[in-house]
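# A look at the structure
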Amino acid sequence: MRIRLVVTTAVAAGALTALAAVPAQAAEYNSALKIRGIQYDAPGSDSNRCSGGNTKDEYLTIKNYSRSATVNLKGYVVKDATGNRFTFTASHTLQPGDYVKLRGGHGTDSDTKNVVYRDNCNFMWNNDKDTIYVYKPSGSRADVHSYTERGSDPDGNGYITFHG
């Protein structure tokens, strides 16, 4: 009995070590909705002023990769590593292959123009590194990606593509 317990514990510990070694961006989730890309560093000098600032130029693109299912974004949550969050409180329907850009700043949300504004003039994404989480209304994770300015953005344009 004791040998079996020791072997089982060792196997479980090895499995946990293997799971811990997998980076967050390598995880795949059973979700049609995924992060397509992020403009984490708005072009120009960062200015989070509501009037004349450039937070609207920082955005996250979320795409419905399903071939047949329509996804309503109401209740989905987008977060970063430090706890900044945005909840889609209104219905925004994404047909298969459709996408939405979640932008900073203020503006008019539009399904036809594929845009939702956070109604917040503060930048959400860090310019050096961050982790992006997307949660389903049920609370389960839909997608997650981490990035670093140097490791993920070789051309230095402030935009990273995750799912093409």
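Below: a short report on this structure.

Analysis parameters
Residues numbered from 1 in each chain as written. Predicted model: local features only at pLDDT ≥ 70, side-chain atom pairs only at ≥ 80, totals over all residues. Heavy atoms only, no water. Helix = DSSP H or I, 4+ residues; strand = E, 2+ residues; numbered from the N terminus. Contact = heavy atoms within 4.5 Å. Areas by Shrake-Rupley, 256 points an atom, 1.4 Å probe, with all protein chains shown as cover. Disulfide = S-S within 2.5 Å. Pairing = 2+ DSSP bridges. Axes fitted to C-alpha atoms, helices over the stretch in contact; angles between N-to-C directions. 1 Å grid on protein atoms, 1.4 Å probe; cavity = no way out; pocket = protein on both sides within 12 Å on 5 of 7 lines; lining within 4 Å. Points joined across faces, edges and corners; volume = space filled by probe spheres on them. Nonpolar A, V, L, I, M, F, W, Y, C, P; charged D, E, K, R; others polar. Phe/Tyr/Trp six-rings, centres within 6.5 Å; stacked < 30°, edge-to-face > 60°. Buried < 20%, exposed > 50% of the residue type's maximum accessible area, 1.4 Å probe, protein only. Lys NZ or Arg CZ within 6 Å of the ring centre and 35° of its normal.

## Some words on the overall build of the chain
The secondary structure content of the chain amounts to two helices and 11 strands. From first element to last, N terminus to C terminus, the chain shows the α and β order α-β-β-β-β-β-β-β-β-β-β-α-β. Taking the contacts inside the chain whose residues are at least 6 apart along the sequence as the reference set, 58% of them involve residues at least 24 apart. When the accessible surface of the chain is totalled, it reaches about 9,300 Å², and 51% of it is carbon and sulfur.

## Quick notes on the state of the cysteines
As enumerated under the stated definition, the model contains one disulfide in all. There is a disulfide in this structure between Cys-50 and Cys-121, and the S-S distance comes to 2.1 Å. Taking the sign of the torsion about the S-S bond as the criterion, the disulfide between Cys-50 and Cys-121, at about 120 degrees, is right-handed. Taken together, the positions of Cys-50 in the loop between strand E1 (33–39) and strand E2 (59–64) and Cys-121 in the loop between strand E8 (115–117) and strand E9 (129–135) put the pair 71 residues apart, joining distant regions of the chain.

## Notes on the sheet that holds strand E10 (residues 141–148)
A sheet is described by the order of its strands in space; here four strands give the open sequence E5-E4-E9-E10, paired in antiparallel fashion. Looking at strand neighbours, the two that pair on one side only are strand E5 (85–87) and E10, the edges of this open sheet. Averaged over all pairs of adjacent strands, the angle between strand axes in this sheet comes to 10 degrees, irrespective of strand direction. Bridge analysis of strand E4 (residues 77–80) against E5 gives three bridges, and the strand direction is antiparallel. Within the sheet, the bridge partner assigned to Val-77 lies in E5 and is Thr-87.

## Let's talk about empty space enclosed by the protein
Taken as a whole, this structure holds one cavity of 30 Å³ or more when the rule is applied. By volume, the largest cavity amounts to about 30 Å³. In this structure, the largest cavity is lined by His-92, Thr-93, Leu-94, Asp-98, Tyr-99, Val-100, Asp-111 and Asn-114. Elements with a contribution of two residues or more to the lining of the largest cavity: strand E6 (93–94) and strand E7 (99–103). Among the residues making up the lining of the largest cavity, the classes are represented as three nonpolar, three polar and two charged.

## Remarks on the packing of aromatic side chains
Under the defined criterion, the tally for this structure stands at four aromatic pairs. Ring centres of Tyr-40 and Tyr-147 lie 4.8 Å apart, and the angle between their planes is 35 degrees; this geometry places the pair in the tilted category. Of this pair, Tyr-40 sits in the loop between E1 and E2 while Tyr-147 is found in strand E10, placing the two residues 107 residues apart along the sequence. Each member of the pair, Tyr-40 together with Tyr-147, is buried. Plain terms: the ring middles of Tyr-59 and Tyr-159 are 6.2 Å apart, the flat faces sit at 40 degrees to each other, and that makes the pair tilted. Of this pair, Tyr-59 sits in strand E2 while Tyr-159 is found in strand E11 (residues 159–161), placing the two residues 100 residues apart along the sequence. Accessibility expressed as a relative area gives 22% for Tyr-159, which makes it partly exposed. Sitting over the face of the ring of Tyr-59, Lys-101 holds its NZ or CZ atom 4.5 Å from the ring centroid.

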